[in-house]
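In case you want the letters, here they are:
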Amino acid sequence: MLAEAAPLLQVAAPHDAVAGAVVRQEEVTPPPVPAQPLQWAHMDAMLQATARAEDDHFWFKGLRRSARILLDAALDGHPLTRIVDCGAGTGRNLDWLRAYGDAVGVELSRAGLTVARAHGRRVVQSTVASLPFATASVDLATSFDVLYCLPDDVERAALVEMA
């Protein structure tokens, strides 16, 4: 269901890294980061550690390999136009998701956005509970290692958004 219809806008600002993406106008300005500095400091540290390990560590390699196998089986050769990785972190999964279609990441943390953009990955800042895309404008929504980290009410909202 990927968000309710809202006024649309073509994003062209280089810092948004999603030129031409159709987004809801009210989401163009990044949402404020919740006032939980200690929690965000831990998230930033975790994402920096992730960025150092995710190319070579067996767990990340295994996750990508398994996800590809499952996605190939589910798609059965059907093409995708737009893919959104919800809670993209460093955006590393966008690298392989691009083989299936136009892949864009949604990430809330500054550290994740910084790492993703430094690697040329297309990301926008938003919450997975309110995705910045018009309804039915996405063919596939993915989310790796995100949902179980969310409070129950936010997890439910995110699942509704991704459906």
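Counting restarts for each chain, with residues numbered from 1 along the sequence as it is written. Given that the model is predicted, a residue must reach a pLDDT of at least 70 before its local features are reported, and side-chain atom pairs must reach 80 or more before they are shown or counted; all residues, however, enter totals for whole chains, interfaces and linings. Note that the side-chain values use all heavy atoms of the structure and ignore hydrogens as well as water.

1. Quick look at the overall build of the chain
Here is the rule we go by: Helix and strand assignments come from DSSP, with helices taken as H or I runs of at least 4 residues and strands as E runs of at least 2, each series counted from the N terminus. Residue exposure (1.4 Å probe, protein chains only): buried if accessible area is under 20% of the type maximum, exposed if over 50%, otherwise partly exposed. Whether two residues touch is decided by their heavy atoms; if any such pair falls within 4.5 Å, the residues are in contact. Here, Shrake-Rupley sampling with a 1.4 Å probe gives the accessible areas, and only protein chains in the shown set may cover a residue.
Helix and strand counts for the chain come out as 5 helices and 6 strands. Moving toward the C terminus, one meets the helices and strands of the chain in the order β-β-α-α-β-α-β-α-β-β-α. The buried share of the chain, taken over its 163 residues, is 40%. Relative to all contacts within the chain whose residues are 6 or more apart in sequence, the contacts with residues 24 or more apart total 59%. For the chain, the exposed area adds up to about 8,800 Å²; of that, 60% sits on carbon and sulfur atoms.

2. Things to note about helix 2 (residues 58-75)
The line we're drawing: Multiplying 1.5 Å by the residue count of a helix minus one yields the expected span of that helix.
Between its first and last C-alpha atoms helix 2 spans 25 Å; for 18 residues at 1.5 Å apiece the expected length is 26 Å, and the two agree. Those residues of helix 2 not exposed but buried are Phe60, Gly62, Arg64, Ala67, Leu71 and Leu75. Once helix 2 ends, the next one or two residues include Asp76, with phi positive near 50 degrees.

3. So, the sheet that holds strand 5 (residues 123-125)
What counts, and what does not: Between any two strands, pairing holds if DSSP finds at least two bridges. Geometry is summarised by axes, namely lines fitted to C-alpha atoms with helices restricted to the contacting stretch, and by angles between N-to-C directions that run from 0 to 180 degrees.
Here we have 4 strands laid out as an open sheet, ordered 5-4-3-6, and parallel in their pairing. At either end of the open sheet lies a strand with only one pairing partner, and these are strand 5 and strand 6 (140-142). Strand-to-strand twist in this sheet, taken as the mean axis angle between neighbours without regard to direction, amounts to 25 degrees. Here helix 4 (residues 110-118) sits on the sheet in contact with strand 4 (102-107) and strand 5, set at roughly 155 degrees to strand 5.

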